[in-house]
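What the coordinates show
The residues making up each chain are set out below.
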Amino acid sequence: MIDKKAEFAKKLIGTKYDTTVSQNIIESILDGSHKLTESKNKQHKCVERIIPENETVIPSVCFSCHSTCEVLIYKDKNTGEILRVEGDPDSPQTRGMLCPKGLAAKQLVYNPKRLLKPLKRVGERGEGKWKEISWDEALDTVAEKLKEYKEKYGPQGLAMLEGTRRGWSRVYTRLTNVLQAPNHGAAGWAQCLWPRLTDCNLTFGGAQYGEAFDFPNTHCILAWGVNPVTCWGVRAADIMLAKQRGAALIVVDPYYSETAAKADIWLQVRPDTDMALALSFINVIISEGLTDDDFIEKWTYGYEELKDHVKNYTPEWASKITGVDADLIRKAARVYAKAEAACVIRGLALDQQHDSVQVCRATSILASITGNIGKKGGNVVVSSRGDISQNTHDFIKANFIPEEIRKLRIGYNEFPLLTQELSPVPVAHMPSLWETIISGKPYPIKCAVIFGSNALVSYTNSDKVKEALSHLEFLAVCDIFMTPTAEMADIVLPASTWLERNNVISSFQSNNTHTLIQQKAITIGEAKNDVDIIIELAKRLGLEEHFWENSEKFYDYLLSPTGYTFKEAAAKRRLYKPLTYEAYKEKGFKTPTGKIELYSNLAKAKGCDPLPRYTQSFQSYDSTPELAKEYPLIITTGRHESAFRISENRLQPYLLELVPKPYLFINPKTARRLGIENGSMVKVESTAGYAYAYAYYTEGLREDVVQATSGWWGEYNINKTVPWGKYAEGIGTVCARGYLCRVTPAEEPVD
Amino acid sequence: MEQQSIYMVIDIDKCWGCKACQVACKQEHGIPEGSGNVDVIKIEQRDEYDNLHCDFVPVLCNHCDSPECMEACPAGAIYRDNEGLVSLNRDLCIACGACVEACPYGCIHITTIDGEEKAMKCDLCKDRRKRNFLPSCEQHCMGKAYETCDKQRMEELTKDRYNYRIGRIVYISRKLVELGKNCS
């Protein structure tokens with residue numbers, strides 16, 4: 001069937017392409033005649049949709065990823081069973097769309113592999129023998145162990161870990177802080193979003209300009225290391241609408257991704273060399289006088305230093321490092337700078353490079369010197385809708401930990417941008433923390449409590465993480481499924497899915513203009529909302545004064561400044577506040593100079609480069625030529641799929657069939673040279689370890705680059721190959737986007 | 001009474017390749033994992049100037065002007081309905097598979113729904129449309145690549161585009177010069 005469909009599709013599209021539309025957009029921006037047009041899209045018709053008589057609808061918000069799209073959950077009136085989960089056609093945010101993860105949510109909530117009761121280990125660790133216990137026994141045990149180990153080894157002896165948020169993260173952070181446990185951590189924090197947010201803290205003084213986009217009014221979108229189709233559906237929807245209006249799309253990606261395939265200009269950068277590319281953009285813009293001088297003069301600090309700093313970073317220089325043609329770099333930089341308003345959207349690819357915060361800084365500088373900050377159609381800071389933000393040091397009670405204990409935090413001196421006050425959430429450096437668990441140095445860590453993280457899969461250098469987990473004396477894991485990480489635990493707590501809980505969602509990641517209300521649609525087994533689990537733990541630890549009676553009271557608290565209770569807000573569906581342009585004119589920037597710091601005084605004070613500087617990758621042909629003989633290919637673990645979020649969603653049949661296997665994307669020329677057939681099994685080896693994958697031929701990668709998808713469990717977990725030892729300045733990021741590997745044909749691994 | 005004829009225009013330039021339509025369709029019609037009514041086909045290829053391109057093409061029942069499945073069905077289960085769509089009456093289907101063989105586009109399949117193993121194909125979500133919903137693929141599409149419409153709107157959308165139709169599905173693009181030219 002699929003063969004016939006593929007044959008038809010191939011015949012249908014032919015092989016000749018007309019690129020006039022794209023060329024006209026680029027040329028009109030360059031000659032100053034570019035105009036946005038109204039899209040030809042069908043106007044939303046207000047018709048009353050008819051719900052079948054036996055159905056009820058619960059409006060909610062999908063939390064299958066961080067995009068948080070509004071949904072309608074259809075239930076059978078009589079049985080209470082969830083029948084369908086659909087997008088909400090009336091949502092101003094999504095206009096009805098929903099990605100595969102949300103659409104397959106019924107297979108999440110009713111998944112036969114769900115954890116439905118608290119479990120206690122009765123066999124050997126990892127043996128898989130469990131006894132069902134009551135919630136009281138489970139929570140009492142976890143609280144007792146936390147107290148016991150805190151008493152025995154001090155608060156620094158507890159590892160309080162978490163993963164992808166399900167709307168509770170900062171509540172858990174608050175618990176760890178009032179428990180005065182300094183070693184709070186997550187797989188993501190030096191690896192995902194935090195480098196971008198830390199950049200915003202340094203450059204803009206906390207205002208998250210780099211993360212907020214005015215797509216509806218933009219003339220040019222610069223998508224840097226991001227493929228929203230697979231991971232940020234609402235943004236992909238917005239980008240397509242912007243394209244329909246005639247906005248240019250420039251994409252920086254080593255792979256010809258879905259987004260790159262729609263680009264007017266695609267810059268195929270060699271992995272982990274984006275800094276060179278960004279610096280050469282800045283060089284072109286300054287040397288060709290494409291800067292917004294008035295904005296620079298009034299609102300930025302350190303321009304003269306920047307100008308001097310980038311003068312040798314020419315496109316010709318960058319071309320040698322990045323592999324991107326110098327003239328193409330010039331063209332892209334000119335289009336971005338000349339567009340009436342341009343908007344940068346950045347992704348994980350920047351966060352996970354060897355110079356994470358600094359390369360993010362380079363892109364923020366790009367937006368600043370072209371005056372695209374706070375401007376209509378540019379990067380515009382999102383206004384608060386009045387509810388209480390969980391993302392403040394006040395909310396998480398960051399300073400509740402006495403200074404002398406804070407200083408015990410693993411990585412405190414080495415990685416100040418992660419562990420100290422400039423971090424969005426001051427936390428421990430995780431690779432160093434895992435090594436501490438193994439070595440017992442500088443002090444023993446024997447007890448860990450993990451919320452929502454499949455640590456064995458989601459951390460880099462996973463074999464080391466496994467070794468560390470087996471060194472623990474007590475491990476509790478709270479999750480939806482029995483993950484490989486939960487299998488290592490003493491106590492397993494069953495968490496509910498997003499369909500089983502309320503939530504107040506206020507995030508620049510989901511929506512520029514709305515606070516959204518998630519509503520509970522069903523109860524499954526004894527699974528609980530993590531917020532309630534955390535509050536119950538807090539009560540047992542004698543810390544209830546810092547919390548609320550339960551999650552419902554917590555949501556009321558979050559909304560309290562708006563004058564609405566959770567119930568009232570839910571009836572309204574969403575709270576709204578439009579974007580405010582040029583907000584800085586009133587408030588300035590909360591940096592030491594009150595301006596955008598192109599030259600960062602805060603970075604300098606922490607011993608980091610005040611201006612982003614090009615440095616070589618930790619492993620590459622140039623920096624480690626001997627190693628490159630043994631490991632001759634550059635690998636990035638950057639592929640995501642619309643069916644999955646990181647290590648999640650492999651258990652839903654509708655999603656797994658979209659991407660049934662862990663693939664290694666490889667250029668056919670490289671593959672043939674190595675004797676690797678399309679679809680065949682390969683072994684990927686690095687200095688850290690090895691993993692298996694199925695070869696996937698694509699001409700969308702350079703011949704010296706391969707790309708893997710992280711998140712697959714067991715022998716296919718590519719994170720096993722990501723090496724530690726060298727980390728990004730200041731923040732401690734592990735470079736997962738550009739290290740060396742060897743790929744060979746292989747037999748299927750035996751589990 | 002004859003209802004107004006319906007078309008679905010698919011703008012290939014707007015398909016992101018996210019495959020939400022595949023899951024949306026299966027959920028809507030209760031189709032289990034395996035063959036579905038719609039599949040998004042990825043085509044990565046080089047053009048005559050060696051430039052790389054990658055397109056995503058949603059393929060679903062074309063609702064052909066001359067449907068070969070209808071011709072092949074021995075049970076009379078496939079018919080043209082009052083909207084001009086090629087429809088399937090699952091009650092009459094004997095699951096012989098003749099339509100599956102006959103369809104040149106792989107757009108009709110045998111699947112088990114509610115315990116009954118029978119033919120299945122796209123009906124542009126007739127039930128949803130009756131209730132003023134868009135077809136599930138169209139509603140959930142991340143790129144808004146699908147649009148069900150009447151003849152006049154179809155003509156407006158195809159006017160200044162490369163376009164191709166076999167039946168009620170109309171493919172359009174602003175870049176695919178040979179759109180449909182190699183289909184015969």
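Rules used in this analysis
Residues numbered from 1 in each chain as written. Chains lettered and ligands numbered in written order. Predicted model: local features only at pLDDT ≥ 70, side-chain atom pairs only at ≥ 80, totals over all residues. Heavy atoms only, no water. Helix = DSSP H or I, 4+ residues; strand = E, 2+ residues; numbered from the N terminus. Rg over C-alpha atoms; globule rule 2.2 N^0.38 Å. Buried < 20%, exposed > 50% of the residue type's maximum accessible area, 1.4 Å probe, protein only. Contact = heavy atoms within 4.5 Å. Areas by Shrake-Rupley, 256 points an atom, 1.4 Å probe, with all protein chains shown as cover. Lys, Arg positive; Asp, Glu negative; His and termini not counted. Charge placed at Lys NZ, Arg CZ, Asp CG, Glu CD. Buried area = accessible area lost by both parts, 1.4 Å probe. Salt bridge = Lys/Arg side-chain N within 4 Å of Asp/Glu carboxyl O. Polar contact = N/O pair within 3.5 Å; in protein donor to acceptor, adjacent residues only side chain to side chain. Pairing = 2+ DSSP bridges. Axes fitted to C-alpha atoms, helices over the stretch in contact; angles between N-to-C directions. Expected span 1.5 Å × (residues − 1). Core = buried A, V, L, I, M, F, W, Y, C linked by side-chain atoms within 4.5 Å. Phe/Tyr/Trp six-rings, centres within 6.5 Å; stacked < 30°, edge-to-face > 60°. Lys NZ or Arg CZ within 6 Å of the ring centre and 35° of its normal. Parallel < 35°, antiparallel > 145°, perpendicular 65-115°, else oblique. Left-handed = near helix turned anticlockwise from the far one by under 90°.

Looking only at helices and strands, one finds six helices and 10 strands in chain B. The C-alpha radius of gyration of chain B comes to 16 Å, within 12% of the 16 Å expected for a compact globule of 184 residues. If one aligns the C-alpha atoms of chain B with their principal axes, the spans along those axes are about 50 × 35 × 30 Å. Residues counted as buried form 63% of the 184 residues belonging to chain B. A sequence separation of at least 24 residues applies to 54% of the contacts in chain B between residues at least 6 apart. Summing over all exposed atoms, chain B offers an accessible surface of approximately 7400 Å²; the carbon and sulfur share of this is 45%. Positive and negative side-chain charges of chain B, numbering 24 and 30 respectively, have mean locations separated by a distance of 4 Å.

Next up on the list: the interface of chain A and chain B. If you look at the interface, chain A gives 63 residues, while chain B gives 83 residues. Carbon and sulfur atoms make up 58% of the area that chain A and chain B hide from each other, which totals about 6500 Å². In this assembly, chain A and chain B are joined by five salt bridges. The salt bridge involving B:Arg46 is made with A:Glu699; its shortest N-O contact spans 2.5 Å. Here chain A is connected to chain B by 36 residue pairs in polar contact (both at pLDDT 80 or more). Looking at the side of chain A that touches chain B, the elements that each hand over two or more residues are α1 (2-13), β3 (82-87), α3 (100-103), α9 (233-244), α10 (258-261) and α30 (653-656) of chain A.

This part is about the sheet that holds strand β8 (residues 220-224) of chain A. Residue and element names in this part refer to chain A. An order of β10-β9-β8-β12 is seen for the four strands of this open sheet, with the pairing classed as parallel. In this open sheet, the two strands that pair with only one neighbour each are β10 (265-267) and β12 (342-346). On average, each strand axis in the sheet is tilted by 15° relative to the strand beside it, whichever way the strands run. With five bridges joining them, β8 and β12 adopt parallel strand pairing. Among the inter-strand pairings, Leu 222 is bridged to a residue of β12, identified as Val 344. The sheet contacts of helix α15 (residues 326-338) involve β8, β9 (248-252), β10 and β12, and relative to β10 the element is tilted by about 125°. Here helix α17 (residues 356-369) sits on the sheet and contacts β8 and β12; the angle it forms with β12, its principal contact strand, is near 170°.

This part is about α9(A). All names here are of chain A. Under the 1.5 Å per step criterion, the end-to-end length of α9 is 17 Å for 12 residues, consistent within 8% with the ideal 16 Å. With 11 of 12 residues buried, α9 lies mostly within the body of the structure. Considered for burial, the residues of α9 that qualify are Gly 233, Val 234, Arg 235, Ala 236, Ala 237, Asp 238, Ile 239, Met 240, Leu 241, Ala 242 and Lys 243. Those residues of α9 that are buried are in contact with β8, α8 (228-231), β9 and β12.

All names here are of chain A. Alternating positions in strand β15 (residues 491-494) separate into two faces, Ile 491 and Leu 493 on one and Val 492 and Pro 494 on the other, with burial throughout. Relative to β15, strand β4 (residues 119-121) runs antiparallel, the two sharing two bridges. The partner of Leu 119 across the bridge, within β15, is Val 492. Pairing of strand β14 (residues 474-479) with β15 involves four bridges; the strand directions are parallel. Across the sheet, Asp 479 pairs through a bridge with Pro 494, a residue of β15.

Residue and element names in this part refer to chain B. With respect to the helices and strands, Lys 151 occurs in helix α6 (residues 151-158). The class for Lys 151 is partly exposed, based on a relative accessible area of 45%. Those residues in contact with Lys 151 that lie beyond four places of it in its chain are Ser 5 and Tyr 7.

What follows covers the nonpolar core. Grouped together as the largest cluster of nonpolar side chains are 243 residues, with contacts concentrated most on A:Leu175, A:Trp434, A:Trp498 and B:Tyr171. Here the element with the most residues in this core is helix α5 (residues 135-153) of chain A; it accounts for seven residues. By size, the runner-up hydrophobic cluster in this structure holds 62 residues, among which are A:Ile26, A:Ile282, A:Leu290 and A:Phe589.

The relative placement of two aromatic rings is captured by the distance of their centres and the angle of their planes. All names here are of chain A. Tallied over the entire structure, the rule returns 36 aromatic pairs over all chains. Ring centres of Trp 434 and Tyr 459 lie 5.0 Å apart, and the angle between their planes is 85°; this geometry places the pair in the edge-to-face category. Note that Trp 434 is positioned in helix α21 (residues 430-439) and Tyr 459 in the loop between α22 (455-458) and α23 (462-471), a separation of 25 residues in sequence. According to the relative accessible area criterion, Trp 434 is buried, its value standing at 1%. Tyr 459 gets classed as buried once you look at its relative accessible area, which sits at 4%. Each member of the aromatic cluster is reached from another via a ring pair, and the members are Phe 395, Phe 547, Trp 548, Phe 554, Tyr 555, Tyr 557 and Phe 566. When the ring centre of Tyr 74 is taken as reference, the NZ or CZ atom of Arg 84 above it lies at 4.4 Å. If you follow Arg 174 out to its NZ or CZ, it ends over the ring of Phe 395, 4.9 Å from the centre.

Residue and element names in this part refer to chain A. Ordered by their spatial adjacency, three strands build an open sheet running β16-β17-β18, and the pairing between neighbours is antiparallel. This sheet does not close on itself; its edge strands, each paired only once, are β16 (503-505) and β18 (574-576). Along the sheet, successive strands turn relative to each other by an average axial angle of 15°, direction set aside. By the bridge criterion, three bridges tie strand β17 (residues 514-518) to β18 in an arrangement that is antiparallel. In the sheet register, His 514 faces β18, and the bridge partner there is Tyr 576. Against the sheet, helix α25 (residues 551-559) touches β16, β17 and β18, its axis set at about 30° to β16.

The next point concerns the environment of A:Gly378. Residues and elements named next belong to chain A. Tracing the sequence through the fold places Gly 378 in the loop between α17 and α18 (393-396). Taking the C-alpha atoms as reference points, Gly 378 and Cys 343, 35 residues apart in sequence, are found 4.4 Å from one another. Excluding anything up to four places from it in sequence, Gly 378 contacts Ala 212, Phe 213, Asp 214, Ala 341, Ala 342, Cys 343 and Asn 372.

The subject of this paragraph is the packing of helix α11 (residues 274-287) of chain A against α15(A). Residues and elements named next belong to chain A. Where α11 meets α15, the closest approach of the two axes is 9 Å, and the angle between their N-to-C directions is 65°. The pairing of α11 with α15 is recorded here as roughly perpendicular in orientation. In the packing of α11 onto α15, the handedness of the crossing is right-handed. Contact residues: Leu 277, Ser 280, Phe 281, Val 284 and Ile 285 in α11; Ile 329, Arg 330, Ala 332, Ala 333, Tyr 336 and Ala 337 in α15.

Scope: geometric values only; no functional claims are made or implied.
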